Number of protein chains: 2
Amino acid sequence: MVEYQQLDATYDALANPVRRQILAELMAGERRVTELAAPFDVSLAAVSKHIRHLEQAGLVRRRVAGRDHWLRLEPGPLASAEAWIAQARRFWEGRLDALADLLTTTDAFDVTG
Amino acid sequence: MVEYQQLDATYDALANPVRRQILAELMAGERRVTELAAPFDVSLAAVSKHIRHLEQAGLVRRRVAGRDHWLRLEPGPLASAEAWIAQARRFWEGRLDALADLLTTTDAFDVTG
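Being a predicted model, the structure only gives us computed values, none of them experimental.

Visitor: Where do I start with the sheet that holds strand E2 (residues 60–65) of chain B in this structure?
Guide: Hydrogen bonds between backbone atoms are what pair the strands of a sheet, whose relative direction is either parallel or antiparallel. All names here are of chain B. Overall, antiparallel pairing links the three strands, which are arranged E1-E3-E2 in an open sheet. The open sheet has two edge strands with one neighbour each: strand E1 (31–32) and E2. In this structure, E1 lies alongside strand E3 (residues 68–73), joined through two bridges in antiparallel fashion. Residue pairing across strands places Arg31 opposite Leu71, the latter belonging to E3. Packing of helix H2 (residues 17–27) onto the sheet brings it into contact with E1, E2 and E3, and relative to E3 it is tilted by some 90°.

Pasting the structure below:
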């Protein structure tokens, strides 16, 4: 996947509360699919579909050990998704700082002051 | 919109390269719809659809002045979207730090060391 397609896939994966909750659970460590599904008020089939969505986006890896399917987080794509917003914010804040500087300078020349 | 629905809408809005580019443009300041559409290799109708998507997600506000439609960024929802990932990352990193601490402590008791 090229970078912008990975960003598309990551944000798309994050755009659902069940998938965000699954990711939050996996932040604490590896989990079995059945464990992950238990707290949700949706079917195992529905949770499985969300897990596949996360796997396809490269956010989750599956490891099969006998009858157990273990899932773990792949944090790399999340870091890129955070970085995109953080970079945009820094640019935005820099613009506001520049505006504040401009207004301060303008004040200094304000003959009504 | 309740908080999780706003997060859904924000990540969904971010899951497209044209919409991210529009947001990046608006970080620099207010823009006319026609100005925004110019650099894209897609129709004005397609760009307009992406802009409506961003407005519905609460990321962009429209101001009509005569025949001009001006757009400006609403950065609040982006901050929440960044914060969710950042919080998850801190939790994840904290877990890795705890693991590193544990391994260090275990080393101290390693009789083979």
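Visitor: Could you clarify how one ought to interpret the interface of chain A and chain B in this entry?
Guide: Quoted interface sizes are often the accessible area lost when the parts come together. Across the contact, 29 residues belong to chain A and 29 residues belong to chain B. With both chains or domains summed, chain A and chain B bury close to 2600 Å², and 72% of this area falls on carbon and sulfur atoms. The interface formed by chain A and chain B includes four salt bridges. For Asp8(B), the salt bridge identified is with Arg20(A), shortest N-O distance 2.8 Å. Connecting chain A to chain B are eight residue pairs in polar contact (both at pLDDT 80 or more). Only helix H1 (3–14), helix H2 (17–27) and helix H5 (76–108) of chain A provide two or more residues apiece to the side of chain A that touches chain B. For the side of chain A that touches chain B, the leading source of residues is H5(A), giving eleven residues. Residue composition of the side of chain A that touches chain B, grouped by class: 21 nonpolar, two polar and six charged.

Analysis parameters
Residues numbered from 1 in each chain as written. Chains lettered and ligands numbered in written order. Predicted model: local features only at pLDDT ≥ 70, side-chain atom pairs only at ≥ 80, totals over all residues. Heavy atoms only, no water. Pairing = 2+ DSSP bridges. Helix = DSSP H or I, 4+ residues; strand = E, 2+ residues; numbered from the N terminus. Contact = heavy atoms within 4.5 Å. Axes fitted to C-alpha atoms, helices over the stretch in contact; angles between N-to-C directions. Buried area = accessible area lost by both parts, 1.4 Å probe. Salt bridge = Lys/Arg side-chain N within 4 Å of Asp/Glu carboxyl O. Polar contact = N/O pair within 3.5 Å; in protein donor to acceptor, adjacent residues only side chain to side chain. Nonpolar A, V, L, I, M, F, W, Y, C, P; charged D, E, K, R; others polar.

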